[in-house]
Amino acid sequence: MRAVQRQMRTFRLRVDKPLPPSIDCFGWCTWDAFYSQVDGPGIVKGLSTLRDGGVPATFLVIDDGWQDTSDKAPPELIKQRTPTEDFTAPESSPQQGPTNTLQLPQPSLQLPQLQATRALKHPEKIITRISKSLSQCFGAAAHCMGTHLLGALGGYYEGFVASAAHTSWHIWLWRLLSSTVLKSAILADYEQKYDFCKRLQSLHAGDRFLDTLEDRSFPKLISKLKSEHGVSLVYCWHALHGYWSGVHKGVCGEGEDDLEISIVTPTPNAGALQIEPRMSWDALVLKGVGLSSRAKMDTFYQELHSYLKKSKVDGVKVDVQGAASMMGTGRGGSAVATRDMIHAMERSVQHNFGAQNCINCMCHPIECLYAYNETNVARASEDFFPGDPASHSLHVANVAFNSLFIGEIAFPDWDMFQSSHSLATLHAVARAVGGCGVYVSDHPGKHNLDLLRRLVLPDGSVLRALNHGRPTRDSLFKDVSRDGRSACKIWNRNPCGGGIVAAMNVQGYHWNRVHRRQLPNGGKGYTEPRVTASVAPADFEPTDFQTPLPLPHLQPSTQDTDMQAVHCADATATAATATASATTATASTTTAIATTSSIARWAVLMTHWGADGRQLSNVTYLSLLRHSREVELAAKECAVFTFAQVRRAGKAGAEVEWAVLGLERLFNGGGALLEASAGEERIELQVRGQGSLLVYMSRKPLQVLLDQVPLADDDIVYNQSQALLRLQIPALGEGGHQEAGKGEETTGRKTRTRKITILV
């Protein structure tokens, strides 16, 4: 990717761009709660119920619904819709043209009443007016015919067109009909049901939204959210071209600067039509998109974003970006047109908010991805669809595999989810290992607070893993959603050399290219299969670890049921790696090789979660680098493996082994450890968060200090048989801050931390 970036010089890699602040905050998005009917009181209520539940959202996305939009162009914006001449004849001498005999619910289509003297003076204007009126009449007749025809052909579309192959004559025929006799009827249907035909009629917030705000003030709402509800970042949604169908002609900037809006017809390419033929009769294709000229593109974004900046908004979520790749006609081609729009958007974002305050969305065309020169977050999936049971397992699998490529250019965004959803645990675990921003779209008051507390700290931050989550090596070339036997395994790294692997059963559904929807893998009576996942420390690709030999005083055990037993068994096996008995002892796993990497050992915490969110098991054990452990997963179940390298502290002859597994309640509890060091007398840790901190220790410590104050005896629990130390960390006070940075090896968090000193 570095070679591609150097050759193209149109984008930069993720590691070269600033870390986005939003990905370390817990967020709430208004979309699934309100869709395009978002309002001020609803926003306040959603944030309040999360805060009152102990999981404050410090990041807010005000999604679609705040803008000033309409289906039809307002008359005051379109010059040709404002009469410049008075053609009204006196009542004594009316001349009335033909009326619309079809009686559609349309404005009057009567021909103009003409005054003889004016007709003689301006015959060309009269001819033009008559021509337009006749065109309206014929158009109304065609619309009426198309409406009846569309109703009559509904069964034909569902029975033959919807599931036809892209080369079918049914597709060809419907493409022809939708671009001719059915066009106005289909658009009318779209306008009635969806927002896709709407365009911006100004670059400010819409009246419907403003009417729900105190004093109709957008800045006042944002200030209240920040001062009273603990929100630190507010983003607003908009499409790359303004709104779904763009901007109405005649819309100007604040200084009456003409944005030179023209209607561009998107042209889907052959590859897109092969996958989704319905794009030929998509709302944007049939109606066209109102776009600024290339010369005015910077002005358009500056006007839009400067208004948001004045309203105290901190960033934007820029959606519908893939549509730009279909609007290259007359604009230099697909790649040039897309790059022009994205780079203009990025310049404005950089100027108004800082380039890192942007989430790119619906942006999978390569023209989009190879244009991200400044922004550093990109959605890696289709939407989260609460009501589509077939979508959830595929959502997880698709993001994991898409992140392999997208993650080299920007941090993959996994989209929001709803914590009260029946499969919320699957989504939550995926985001814990994904290294991504965590934000939900819960209805106000409808939260699974217990689940959210496994992701979110009381200060509204999250324990994000360092990198972007990716499939493990042994998952790369397996069909984890359809082969009936493979688990989807996703890995990531934590600070201080730790790691996390999530194994998930996402079998059951697939994308059907013929029917163009997600379908079950089997027919009637199909049951989603159980799968077995085999997980080892090597799965998270550890690169920076020490290799201490096991302590000689530990004795072997024939049991393999708890931390101490596995520790002893592994110690014996490691001491004999050069002998034949070592091969026998590890016959069920990859044979340990007597190298530096093979003798490193890892403390492991494995938690197994049911699809309904119940914790099915909790196991701690020690492992060699390639020593794997199997877990059987039913449909939509998942298991989280947290790895911490075993290290040594203490004086020679009285050494102790230790490894910090992290906050055991959280899905990625290993992310709580930010720094660790050890000497002859003490182990020093920097941690964040609160609750039970789980530490593997081969013997009980002498004393534990929290911020240089001895921890109470009741807050220190040591289990000798399991060699586990649990430290109860109370609620964090105001402490130091870790500075933000960039790149894979920096956590980039600014949050309260505490220092723990363990005397050995």
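Computed from a prediction, not measured in an experiment: that's the story for all the values here.

(A) Seen up close, the packing of helix H16 (residues 391-406) against helix H17 (residues 424-434). Interhelical geometry of H16 versus H17 gives an angle of 5 degrees and a closest axis separation of 10 Å. When the axis of H16 is compared with that of H17, the two are roughly parallel. Residues His392, Ser393, His395 and Val396 of H16 form the contact with H17, whose participating residues are Leu426, His427, Ala430 and Arg431. Of the residues in the contact of H16 with H17, the class split is three nonpolar, four polar and one charged.

(B) Just the sheet that holds strand S19 (residues 601-609), in detail. Read from one edge to the other, the open sheet built from six strands follows the order S13-S14-S15-S22-S19-S20, with strand pairing classed as antiparallel. Here the strands that pair on one side only, and so sit at the sheet edges, are strand S13 (470-471) and strand S20 (615-624). Where S13 lies against strand S14 (residues 488-493), two bridges are found, and the strand directions are antiparallel. Each residue of the ladder has a partner; that of Arg470, found in S14, is Trp491. In the packing of H17 onto the sheet, contacts are made with S14, strand S15 (499-504), S19 and strand S22 (638-645), and the angle to S15 comes to roughly 150 degrees.

(C) Structural view of the pattern of salt bridges. What the rule picks out here adds up to 33 salt bridges. Measuring nitrogen to oxygen at the nearest pair gives 2.5 Å for the salt bridge that ties Asp215 to Lys220. In this structure Asp215 comes out as exposed when scored by relative accessible area, which is 59%. Take Lys220: its relative accessible area is 35%, and that puts it in the partly exposed class. A salt bridge links Asp415 to Arg379, with the shortest nitrogen-to-oxygen separation between them at 3.3 Å. With Asp415 in the loop between strand S11 (411-413) and H17 and Arg379 in strand S10 (residues 377-379), this residue pair connects regions lying 36 residues apart in the sequence. Take Asp415 and Arg379: they sit in the same class, and that class is buried. A network of salt bridges, in which partner residues are shared, links Lys72, Glu191 and Lys287.

Conventions adopted
- Residues numbered from 1 in each chain as written.
- Predicted model: local features only at pLDDT ≥ 70, side-chain atom pairs only at ≥ 80, totals over all residues.
- Heavy atoms only, no water.
- Axes fitted to C-alpha atoms, helices over the stretch in contact; angles between N-to-C directions.
- Helix = DSSP H or I, 4+ residues; strand = E, 2+ residues; numbered from the N terminus.
- Parallel < 35°, antiparallel > 145°, perpendicular 65-115°, else oblique.
- Contact = heavy atoms within 4.5 Å.
- Nonpolar A, V, L, I, M, F, W, Y, C, P; charged D, E, K, R; others polar.
- Pairing = 2+ DSSP bridges.
- Salt bridge = Lys/Arg side-chain N within 4 Å of Asp/Glu carboxyl O.
- Buried < 20%, exposed > 50% of the residue type's maximum accessible area, 1.4 Å probe, protein only.

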